[in-house]
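Summary of the model geometry
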Amino acid sequence: MTFLRVYLGESDHCSHEPAYKKIVKLCYDKGIKGVTVLKGIMGFGEKHHVHRVDFFTLSEDLPIIIEVIDEKEKILDLIEDIKKCDFDGLVVYWDVNTIRINKEAH
Amino acid sequence: MTFLRVYLGESDHCSHEPAYKKIVKLCYDKGIKGVTVLKGIMGFGEKHHVHRVDFFTLSEDLPIIIEVIDEKEKILDLIEDIKKCDFDGLVVYWDVNTIRINKEAH
Amino acid sequence: MTFLRVYLGESDHCSHEPAYKKIVKLCYDKGIKGVTVLKGIMGFGEKHHVHRVDFFTLSEDLPIIIEVIDEKEKILDLIEDIKKCDFDGLVVYWDVNTIRINKEAH
């Protein structure tokens, strides 16, 4: 299985909608098995290298991370769709082992 | 070393206790070196594929991620114990390099 | 590319400054491409193995994770600088694939 993480900002938009919500819906519509969205407390990206007097007031646009775990093929296909969204972000992925925990097994 | 992540919901229970607290205690009792619990702001899993009118009101049961870093053997043993808990979740793990930062070294 | 995660506590300090802010500034000054800081809701580390009556009131010092993604050489160099900070923490890193999403491409 492949672990995908999409990094973007809370205020990034894609077709008049917050980009992270758009991507979660996209995952849902494509039948992706699991998606988790995390919000950071601070951060900067390649396009945000603006220096300020108070460095730590930079953050009205907090970082968002979308985590997706699924088969490699589905992840690569999803990345192609994410690329069509109009925002500045970063996509990171790597291979992992997975084990599903099932309630019914007991 | 091995990096383990357990994905579950905030409202998942295991022996009348929130499952994530149960797992943190389990880690503590087994002498696991480090555990961090994160809470997501949105998400869905394999068993939660319920479509709603307002997709984004789904989330009273916010996603929880438990992160554990330890030796592979201890992680695999921990996974066996986690499997005995009665909840629907996902376990993901992969190999990593680790370096400990020690205050005493200075 | 290499994915780096630094685990420390919210109350860890380094030269009279919160260690996590110091590390974010260090990344910024070194021209690191992207940094995200996450805050956990619970956790324990190797040096915090203190047992309490109520296990879950341990957490005034919440766990902080600093995520950095950049070229391996820059990450290894950054780790050397982080080691000079005077706190107890853990550094974890592994190789990943990355794809940049660019607004201009559309």
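As a starting point, this report considers the structure included with it. (Residues numbered from 1 in each chain as written. Chains lettered and ligands numbered in written order. Predicted model: local features only at pLDDT ≥ 70, side-chain atom pairs only at ≥ 80, totals over all residues.)

1. Remarks on the interface of chain B and chain C
Under the convention used in this document: Each residue gets a C-beta atom placed from its backbone, and two residues are in contact if those atoms lie within 7 Å. A run of DSSP states H or I qualifies as a helix once it reaches four residues; a run of E qualifies as a strand once it reaches two. Both are numbered from the N-terminal end. Three classes are used, and their members are as follows: Ala, Val, Leu, Ile, Met, Phe, Trp, Tyr, Cys and Pro are nonpolar, Asp, Glu, Lys and Arg are charged, and the others, Gly among them, are polar. Strand pairing follows a simple DSSP-based rule, namely that at least 2 bridges must link the two strands.
Each side of the interface is counted separately: chain B has 23 residues, and chain C has 25 residues. Contributing elements (two or more residues each) for the side of chain B that touches chain C: α1 (19-29), β4 (34-39) and β8 (97-101) of chain B. The biggest single contributor to the side of chain B that touches chain C is β4 of chain B, with six residues. Class assignment for the residues of the side of chain B that touches chain C results in eleven nonpolar, six polar and six charged. The pairing of β4 of chain B with strand β5 (residues 42-44) of chain C spans three bridges and is classified as antiparallel. By the bridge assignment, V35 of chain B is partnered in β5 of chain C with F44 of chain C.

2. A few points about the relation of the copies chain B and chain C
Related by rotation about an axis and a shift along that axis, the two copies of the chain form a pair. Put simply, the rule reads: Each copy is superposed on the other by least squares, with the fit set by C-alpha atoms of residues at a pLDDT of at least 70 in both.
Taken as rigid bodies, chain B and chain C are interconverted by a rotation of 120° and an axial shift of 0.0 Å, the fit giving an RMSD of 0.0 Å. This pairing of chains is accounted for by a three-fold axis. Considering only C-alpha atoms, the residue of chain B closest to the rotation axis is L38 of chain B, which sits at 4.8 Å. Interface overlap between copies is the fraction of interface residues in one copy that are interface residues in the other; for chain B against chain C it is only 9%, indicating separate surfaces.

3. Brief notes about the interface of chain B and chain A
Between chain B and chain A, the contact holds 25 residues from the first and 23 residues from the second. Secondary structure elements with two or more residues in the side of chain B that touches chain A: β5 (42-44), β6 (63-70), α2 (72-83) and β7 (89-95) of chain B. Among the elements that take part in the side of chain B that touches chain A, β7 of chain B stands out by supplying six residues, more than any other. Split into classes, the residues belonging to the side of chain B that touches chain A amount to 17 nonpolar, four polar and four charged.

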